[in-house]
Amino acid sequence: MPANESRAKGVTVRLEDVSFDYGEAPFRFDVGFAAAKITAIMGPSGSGKSTLLNLVAGFEAPRSGRVLIDGSDVSAAPPSARPVSMVFQENNLFAHLSVERNVGLGRSPSLSLGDADHAAIAEALARVGLAGKERRLPRELSGGERQRVALARVLVRDRPVLLLDEPFASLGPALRDDMLDLLANVHTERQMTVLFVTHQPEDARRIGQDVVFLDNHTVAATGTAADFFDGSGPDAFRRYVGMEA
Ligand code: ADP
Ligand code: MG
């Protein structure tokens, strides 16, 4: 895609009095995410981070309440109709498809790709540092490279909301830092709204602008990253990150 072609800018995301359950303990989310910011979503294992993202993506439906994206109620819309894309911790790629075709799925689920699509794929692969690896299969890449492919697919999909569920959790610290820098740079260029689930406080501190802290299936606290990391954050958060209370 040429640099001057308009790209999807970040939009607001809101869960309005959303309730949900898998059959037992209920979840309740009433929280908004600012347009074009990176919000780090933190909280103990089992607190509901993935569930919150799945409600925004449309993989789960609220029992009550509404999911609003850019002010529009998408509660009943299937995932493919929502202006979001998502990257998971792993298993993001189709094993039998080349790097280029995995990225192409972000443009066209049927992989019917025209010249503009191929240009966008090449640009995205260059952006994530994978030029020259178009023909490789996922198993011929490192873990970090596989997550770069997943990020390239998101770039060609060009949706205003990016959902990241611990995307770098299986990478070592150096690779993770590289990916965080890449993500921060891409965010500066594209200005998408990013909901970044991470259990690494350093990651949240490094690229998060806002923080949403979950505990016991609900939002326990929200604020700016500065609020959270200058030591004055909520007690539950300070215990979680191991700061002195
Ligand atoms: P987190 O991502 O913060 O670790 P999750 O949102 O994955 O938390 O899970 C919250 C709770 O819901 C956990 O107790 C988990 O076991 C439960 N849970 C998650 N997914 C399912 C599911 N598909 N079916 C039943 N329970 C689930
Ligand atoms: Mg999770």
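This one's a predicted model, so the numbers in the text were calculated from it and none came from an experiment.

## Topic: the site of ligand 1
Right, on to step 1. Inspection of the region around ligand 1 gives Tyr-22, Phe-27, Pro-44, Ser-45, Gly-46, Ser-47, Gly-48, Lys-49, Ser-50, Thr-51 and His-217 as its neighbouring residues.
Right, on to step 2. At 2.8 Å from an oxygen atom of ligand 1 is found a side-chain nitrogen or oxygen belonging to Lys-49.
Right, on to step 3. At a separation of 2.9 Å, an oxygen atom of ligand 1 approaches a polar side-chain atom of Ser-50.
Right, on to step 4. Within the complex, the protein chains bury 55% of what would otherwise be the 560 Å² of accessible surface of ligand 1.
Right, on to step 5. For the shell around ligand 1, the element with the most residues is helix H1 (residues 49–57), which contributes 3 residues.

## Focus: the packing of helix H3 (residues 115–127) against helix H4 (residues 143–157)
Right, on to step 1. Running from N to C, H3 and H4 point in directions that differ by 135°, and their axes come no closer than 9 Å. One element, H3, and the other, H4, form an angle in the oblique class. As H3 packs across H4, the resulting crossing turns out to be right-handed. Contacts from Ala-120, Ile-121, Ala-124, Leu-125 and Arg-127 of H3 reach H4 at Ala-152, Leu-155 and Val-156.
Right, on to step 2. Classifying every residue of the contact of H3 with H4 gives 7 nonpolar, no polar and 1 charged.

## Quick word on the environment of Tyr-22
Right, on to step 1. Assignment of secondary structure puts Tyr-22 in the loop between strand S1 (13–20) and strand S2 (27–33).
Right, on to step 2. When its relative accessible area of 48% is taken as the criterion, Tyr-22 is described as partly exposed.
Right, on to step 3. Linking Tyr-22 and Glu-60, residues 38 residues apart in sequence, is a C-alpha distance of 9.6 Å.
Right, on to step 4. When residues no more than four places from it in sequence are discounted, the contact partners of Tyr-22 are Phe-27, Thr-51 and Glu-60.
Right, on to step 5. A polar contact of 2.8 Å, which involves the side chain of Tyr-22, links it to the side chain of Thr-51.

## Observations regarding the pairing of S2
Right, on to step 1. Because side chains alternate across S2, one face comprises the buried residues Phe-27, Phe-29, Val-31 and Phe-33, and the other comprises Arg-28, Asp-30 and Gly-32, none of which is buried.
Right, on to step 2. Where S1 and S2 come together, 6 bridges link them in antiparallel fashion. Bridging from a neighbouring strand, Val-13 pairs with Phe-33 of S2.
Right, on to step 3. If you look at the hairpin formed by S1 and S2, you'll find 6 residues sitting between the two strands, and Gly-23 has a positive phi there, around 120°.

Each value, and the rule that gives it
Residues numbered from 1 in each chain as written. Chains lettered and ligands numbered in written order. Predicted model: local features only at pLDDT ≥ 70, side-chain atom pairs only at ≥ 80, totals over all residues. Heavy atoms only, no water. Near = heavy atom within 4 Å. Polar contact = N/O pair within 3.5 Å; in protein donor to acceptor, adjacent residues only side chain to side chain. Areas by Shrake-Rupley, 256 points an atom, 1.4 Å probe, with all protein chains shown as cover. Helix = DSSP H or I, 4+ residues; strand = E, 2+ residues; numbered from the N terminus. Axes fitted to C-alpha atoms, helices over the stretch in contact; angles between N-to-C directions. Parallel < 35°, antiparallel > 145°, perpendicular 65-115°, else oblique. Left-handed = near helix turned anticlockwise from the far one by under 90°. Contact = heavy atoms within 4.5 Å. Nonpolar A, V, L, I, M, F, W, Y, C, P; charged D, E, K, R; others polar. Buried < 20%, exposed > 50% of the residue type's maximum accessible area, 1.4 Å probe, protein only. Pairing = 2+ DSSP bridges.

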